[in-house]
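Notes for the structure review
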Amino acid sequence: MSAPDDGRGLRVLYVRFEERGPGEGAGEAEDPARFSRLLGLLADFTPVVQALPPDAALVDVRGALRYFGCDAPGLARLVRLRALALHGTDCTVGVAVNPLLARMAARCGPAGAVRVVRPGETAGFLDGRPVAELHGVGPATARTLCSYGLDTAGRVAAAAPGTLQRILGAKTGRLLHERARGIDPTPVVPDEPARSESAELRFGRDELDAGERRRALLTLADELGFRMRTGGQTARALTLTVRYADRTVTTRRRRLAEPSAHTPSLTAVAYALHDGLGLQRARVRAVALRAEELMPAELAARQLSLDPREEKARRAEAAADRARLRFGPAAAHPAGLLDAA
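From a predicted model like this one, the values you see are computed outputs, not experimental measurements.

**A few points about the packing of aromatic side chains**
Overall, the coordinates contain two aromatic pairs when judged by the stated rule. With 5.1 Å between their ring centres and 75° between their planes, Tyr-67 and Phe-68 make a pair best called edge-to-face. For Tyr-67, a relative accessible area of 70% puts it in the exposed group. Grouping aromatic residues by their ring pairs yields a cluster made of Phe-45, Tyr-67 and Phe-68. Stacked on the ring of Tyr-271, the Lys or Arg Arg-214 has its end atom at 3.9 Å from the ring centre.

What follows is the structure, encoded as C-alpha cells:
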C-alpha cells in the first residue's frame, strides 16, 4: 500500500468546536442541542458528516469544493467564520487527505485555528510526533512501544513491520505501521451509530474542592445514564477526563463489572477514577465522562441481585426516566446534582 502522498488532494476536515466564552453557559454540562445545531452548520456544506460527540466531527468535503469554489483549507476557514458568526463558537479545524492526519493536525497546536497537512508534508509532520498521538494508540500500547525505543511516529514508521507485529501482534502491528506512515483508509461515515456517549462540565472558575468535583461527576453520570437508558444502550467501560487550569489533561479508563446504564453504577466507577488521581489541591477547569463500548441493552447480561434494594432502585430510576421524558430533565433526578444545589 502506498503512502497518501499521491496527489489525491485534501478532502477531510476534523472540526472541534471550542468551549463558549464567559456568559455563554460556562459551568453547565455540554448542551446536546447546541452540538446538533453546529452539526447542522456542517451539513450545509456537505451531507458527509460523521458526528464525534460531544464536540467534534469528521467531514468529507470532496463533493463541496467545486460548489463553493475553493479548496479544502478555504472551506475550513469558511466553516470557522460561520460558526463564529452564527453560533458564537470558535472551532479548530484540521485539514488533510484522511481522518488520521486531520485529527492530528487539529490537535497539534493551540485552539481556534485552521491547520493543514498537505500530501507532500506527511512524513515531515509525523516524524517527531509522539506515538501516543496516533489515533487508536492507548496508554498501554504507547508504554510498550516506548520501552522498545519506538516513542515517535517516525521511529515506528522506520521499524520493520515484522518487529512491530512481534511486539503487538500481527493485526495491530500492521495497522500501527500504516498509521505511522500516514495511511488511513477509514472513510467518513455519515450518521454512524454511536459507539460512545460523552458529557462534559466546565466549571465557572477553577475548582479546588473535591466535593464539588464529585457532584459534577454525579451530574455527568446521571446525564449519561439517562441518555443510554432512553436510547436502549448500555456501556461496558467508562473514561474520565480531567482538564486543569494549565491546559494539561489527565485521562483514566476502567471497564465496568458488567454492561450498565444504571446511574449509581456509573457514578461509583466515576468516583473511583477521580479518587484514584489523588488530585488534592489541583485547579480543575473541567471534567468529562465518556461511556464506551456501547451495546444494545437487550443483549447485555446482568448479574441477578438477591438484594431487594437494588431492584427497587432500578424501578425508581425507570419511573424517574418516564417523568423526565414527559415533564423535562428537572422533573426527577438524584439529590446532589451540581445544578440542583
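Let us keep going from here.
**Some thoughts on the pattern of salt bridges**
This model, assessed by the stated rule, comprises 22 salt bridges. Put simply, Asp-321 and Arg-229 hold a salt bridge, and the shortest N to O gap is 2.6 Å. Of the two residues, Asp-321 sits in helix α12 (residues 308-327) while Arg-229 sits in helix α10 (residues 210-230), which places them 92 residues apart along the sequence. Judged by relative accessible area, Asp-321 falls into the buried class, the value being 8%. Assessed through its relative accessible area of 21%, Arg-229 is described here as partly exposed. Here Arg-255 makes a salt bridge to Glu-293, at a shortest N to O gap of 2.7 Å. Of this pair, Arg-255 sits in strand β8 (residues 249-260) while Glu-293 is found in the loop between β9 (284-292) and β10 (295-296), placing the two residues 38 residues apart along the sequence. Since its relative accessible area comes to 25%, Glu-293 is described here as partly exposed. Salt bridges sharing common partners tie together Arg-236, Arg-253, Arg-255, Arg-290, Glu-292 and Glu-293.

**Digging into unusual backbone geometry**
Residue Arg-247 is not a glycine yet carries a positive backbone phi of 75°. Mapping Arg-247 onto the fold places it in the loop between β7 (233-244) and β8. Residue Arg-247 is classed as exposed on the basis of its relative accessible area, which comes to 72%. Even without glycine at this site, Gln-280 takes up a positive phi of about 50°. Structurally, Gln-280 is set in the loop between α11 (263-276) and β9.

Thresholds applied
Residues numbered from 1 in each chain as written. Predicted model: local features only at pLDDT ≥ 70, side-chain atom pairs only at ≥ 80, totals over all residues. Heavy atoms only, no water. Phe/Tyr/Trp six-rings, centres within 6.5 Å; stacked < 30°, edge-to-face > 60°. Buried < 20%, exposed > 50% of the residue type's maximum accessible area, 1.4 Å probe, protein only. Lys NZ or Arg CZ within 6 Å of the ring centre and 35° of its normal. Salt bridge = Lys/Arg side-chain N within 4 Å of Asp/Glu carboxyl O. Helix = DSSP H or I, 4+ residues; strand = E, 2+ residues; numbered from the N terminus.

Remember, this is a structural readout, not a statement about activity or role.
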